[in-house]
There are 2 protein chains.
Amino acid sequence: VSHLPLGPGGEFDRIRQIIERVGSTGVALGDDCALVEWPGGTLALSTDATIEDVHFRRAWLTEAEIGWRAAARALSDLAAEGAEALGILVALTAPRAATAEALAEVMGGAADAVGAVGGRVLGGDLAAGDRWHLVVTVVGAAARPVTRAGAEPGNELWVTGALGGARAALDAWLGGLEPDPTARRAFASPTPRIAVGVALAAAGARAMVDLSDGLGGDARHLAAASATRLVIDLDRLPLAPTAGSALDAARGGEDYELLVAMPAGFGSAAAGVAERTGVPLTKVGRVEAGTGVLFLLAGVETEVAGWDHFVDAPRRLG
Amino acid sequence: VSHLPLGPGGEFDRIRQIIERVGSTGVALGDDCALVEWPGGTLALSTDATIEDVHFRRAWLTEAEIGWRAAARALSDLAAEGAEALGILVALTAPRAATAEALAEVMGGAADAVGAVGGRVLGGDLAAGDRWHLVVTVVGAAARPVTRAGAEPGNELWVTGALGGARAALDAWLGGLEPDPTARRAFASPTPRIAVGVALAAAGARAMVDLSDGLGGDARHLAAASATRLVIDLDRLPLAPTAGSALDAARGGEDYELLVAMPAGFGSAAAGVAERTGVPLTKVGRVEAGTGVLFLLAGVETEVAGWDHFVDAPRRLG
């Protein structure tokens, strides 16, 4: 049993204490997915909670979007492992007053998200509670699984898509404004990056992580797991149209894009991968010997905070 | 895609509406587990929520018991499919004031439950909310999966263990009393019936279901899925020491024992299976042509209500 090192932060201290108590019953906790070797290939598994007033507010999303977003967040963990989606299981807790139509719309949104990446709804559970609370468990298969732990000095760092859209929507809502439609879509119905994750794995990806905790948080996880140092040039970040500054985009979580360490020279193949999958790829930095993450803004070392779901999200939304 | 018919009841009407909306993205929803054919064998998957003030009250259970019980409830779905446990994923939402030690104890209890049946903790997720809310997803492998749908006229009906203990504990707590230790244990730390489920599958089980919704509810599910009629003699039910009447035991949910349809003549093999697995087996009835469930008490047809988690549990505990 090997447990991957995690980056710093309160959430990860809590996880460390759990890992100690769970002991040898636990398997490699700390990556985006658990990997289970199985005769026909490697299974990738992950579970992810989406909770009203912690991860979203009811007024921001339609019922179908609540389901889509919860499923897309979980599917993002499969993408980060370079895995195809077999399917999802959805444990849905709904407010007691919810109609059967509302329940069906939420589950239907989750089904649409997994259907969009070729997977299926494998199971579900229904309970009544005070608020919407969805736990989506994803089941995938990886021909060549990519953990957070394989980055090596000399690798290039790339990100998929554009960053900062989801945070821009969140900031608008929290400021009492209706977000720009593009930013709203980034938050409400992110596209799971399964296809590009699989393509990056096939193209030789060494380490990959999704940006659910923001680049500030997740780059540190990848650096810690790989025991390397990441150097990221914030001026190169691909910004969503309404993202604000590069620093905002790097701090914001919930984008569900991928950060990936590729062998040097990937640049010559990147355009082809981007064209085949329809997902832009941008080189944002490099891997060096050392530890931690160096963020550069106009060439100057800059602090970028992570996003602690356990503390920050309830503080903002609760 | 085949969706198994479900028994009557409000919870199942809600599930039917979801199945309609999910459409062809859904796979055989309505059994204890989803079954995924996979090169090395059949995977069995299920997800199950355990929520404070819906399924238990905080004062009734230690932290380790909260975790154990949540995992055991989900593992019971694997047992009912005749599957071995590969592992569990646990999405844990904890009250904001919970200590790191409390989180570790809850996760540790879940790890102990899956460890007791030879499985592992494959993954987890941590979030902060108003109350304890655990979703456990189980991953198993079945050499010979047993659904709810294979019962045939002439089969015998058997149950594992003893019934009514968990309900007796629940009734004591709700009446302001401390339950008898045996009844308390039935509620707080049920033993997942994985070993006996696998043994029953190997011995030719035709259909199997766990008794989470009580015999009154789950016998109807098995009858509906198999399109047969079940005749159950309540006088034969194996009662837990503190169970009260046979009718109480048949109505009470949360026992996590198994109801199984075996080929006629299983009686000659039953003692051997019981001895090897350490789990008593009791013949309680038979399968006939027809529909529905006939419960007999002293030879007289008797109504036995099911247990609707969506309605009954919140009404009693909420």
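All values reported here derive from a predicted model rather than from experimental measurement. (Residues numbered from 1 in each chain as written. Chains lettered and ligands numbered in written order. Predicted model: local features only at pLDDT ≥ 70, side-chain atom pairs only at ≥ 80, totals over all residues. Heavy atoms only, no water.)

**Things to note about the confidence of the model for chain A**
Part 1 of the reasoning: Here chain A averages 89 in pLDDT, while 90% of its residues score no lower than 70.
Part 2 of the reasoning: Every residue in residues 1-8 of chain A scores below 50 in pLDDT, and together they form 31 contacts with partners more than four places removed in sequence or on other chains. (pLDDT = per-residue confidence, 0-100. Contact = heavy atoms within 4.5 Å.)

**Some remarks on the pairing of strand β11 (residues 293-297) of chain A**
Side-chain direction in a regular strand flips from residue to residue, so the side chains alternate between the two faces of the sheet.
Residues and elements named next belong to chain A.
Part 1 of the reasoning: Where burial is concerned, most of β11 is hidden: four out of the five residues are buried.
Part 2 of the reasoning: One ladder, built from four bridges, connects strand β8 (residues 229-233) with β11; its direction is parallel. Bridging from a neighbouring strand, V231 pairs with L294 of β11.
Part 3 of the reasoning: In this structure, β11 lies alongside strand β12 (residues 300-301), joined through two bridges in antiparallel fashion. By the bridge assignment for β12, L296 is matched with E301. (Buried < 20%, exposed > 50% of the residue type's maximum accessible area, 1.4 Å probe, protein only. Helix = DSSP H or I, 4+ residues; strand = E, 2+ residues; numbered from the N terminus. Pairing = 2+ DSSP bridges.)

**Considerations on unusual backbone geometry**
Residues and elements named next belong to chain A.
Part 1 of the reasoning: Although it is not a glycine, D53 sits at a positive phi angle of roughly 70°.
Part 2 of the reasoning: Considering the arrangement of structural elements, one finds D53 in the loop between β2 (41-51) and α2 (63-80).
Part 3 of the reasoning: On the basis of relative accessibility, which here comes to 23%, the residue D53 falls in the partly exposed class.
Part 4 of the reasoning: If you check the backbone angles, A227 has positive phi at about 50° while not being a glycine.

**With respect to the sheet that holds β2 of chain A**
All names here are of chain A.
Part 1 of the reasoning: Here five strands make up an open sheet; going across it, the order is β1-β2-β5-β3-β4 and the pairing mixed. A strand with exactly one partner marks an edge of an open sheet, and here the two such strands are β1 (34-38) and β4 (120-129). Neighbour-to-neighbour, the strand axes of this sheet turn through a mean angle of 15°, independent of strand direction.
Part 2 of the reasoning: Sheet contacts for α2: β2, β3 (84-95) and β5 (133-142); angle to β5, the most-contacted strand, approximately 35°. (Axes fitted to C-alpha atoms, helices over the stretch in contact; angles between N-to-C directions.)

**Things to note about the side chain of S226 of chain B**
Residues and elements named next belong to chain B.
Part 1 of the reasoning: Within the secondary structure, S226 sits in helix α7 (residues 214-226).
Part 2 of the reasoning: What makes S226 buried here is its relative accessible area of 9%.
Part 3 of the reasoning: Polar side-chain contacts of S226 include one of 2.6 Å to the backbone oxygen of R148.
Part 4 of the reasoning: Within the local environment of S226, its side chain forms a polar contact with the backbone oxygen of A149, the two atoms lying 3.5 Å apart. (Polar contact = N/O pair within 3.5 Å; in protein donor to acceptor, adjacent residues only side chain to side chain.)

**Here's the deal with the side chain of T93 of chain A**
Part 1 of the reasoning: Inspection of the secondary structure puts T93 of chain A in strand β3.
Part 2 of the reasoning: Discounting chain neighbours no more than four positions away, the residues touching T93 of chain A are A127, A128, G129, R131, W132 and H133 of chain A together with I51 and H133 of chain B.

**Notes on the relation of the copies chain A and chain B**
Part 1 of the reasoning: In screw terms, the move from chain A to chain B is a rotation of 180° and a rise of 0.0 Å along the axis, fitting with an RMSD of 0.0 Å. The relationship between the two copies is best expressed as a two-fold rotation axis. The rotation axis passes nearest to the C-alpha of G40 of chain A in chain A, at a distance of 2.6 Å. (Least-squares fit on C-alpha atoms with pLDDT ≥ 70 in both.)

**Thoughts on the environment of R120 of chain A**
Residues and elements named next belong to chain A.
Part 1 of the reasoning: By the secondary structure assignment, R120 is in strand β4.
Part 2 of the reasoning: Judged by relative accessible area, which is 31%, R120 ranks as partly exposed.
Part 3 of the reasoning: In the structure, R120 is positioned 72 residues away from D48 in sequence and 17 Å away in space, judged by C-alpha atoms.

**Considerations on the packing of aromatic side chains**
Part 1 of the reasoning: In the structure shown here, the tally under the stated rule is eight aromatic pairs over all chains.
Part 2 of the reasoning: Each ring, one from W60 of chain B and one from F187 of chain B, has its centre 5.9 Å from the other, and the planes form 75°; the classification is edge-to-face. Here F187 of chain B lies in helix α5 (residues 181-188) and W60 of chain B lies in the loop between β2 (41-51) and α2 (63-79), a separation of 127 residues in the sequence. Here W60 of chain B matches F187 of chain B in class, with each residue buried.
Part 3 of the reasoning: A centroid spacing of 5.1 Å and a plane angle of 85° characterise the contact between W158 of chain B and F266 of chain B, whose relative ring orientation is edge-to-face. Taken together, the residues span a long stretch of sequence, with W158 of chain B in strand β6 (residues 156-160) and F266 of chain B in the loop between β9 (258-262) and α9 (267-277) at a distance of 108 residues. For the residue pair W158 of chain B and F266 of chain B, the accessibility class agrees, reading buried in each case.
Part 4 of the reasoning: Put simply, the rings of W60, W173 and F187 of chain A touch in pairs and so form one group of aromatic residues.
Part 5 of the reasoning: A cation over an aromatic ring shows up here: R69 of chain A above the ring of F187 of chain A, its NZ or CZ 3.9 Å from the ring centre. (Phe/Tyr/Trp six-rings, centres within 6.5 Å; stacked < 30°, edge-to-face > 60°. Lys NZ or Arg CZ within 6 Å of the ring centre and 35° of its normal.)

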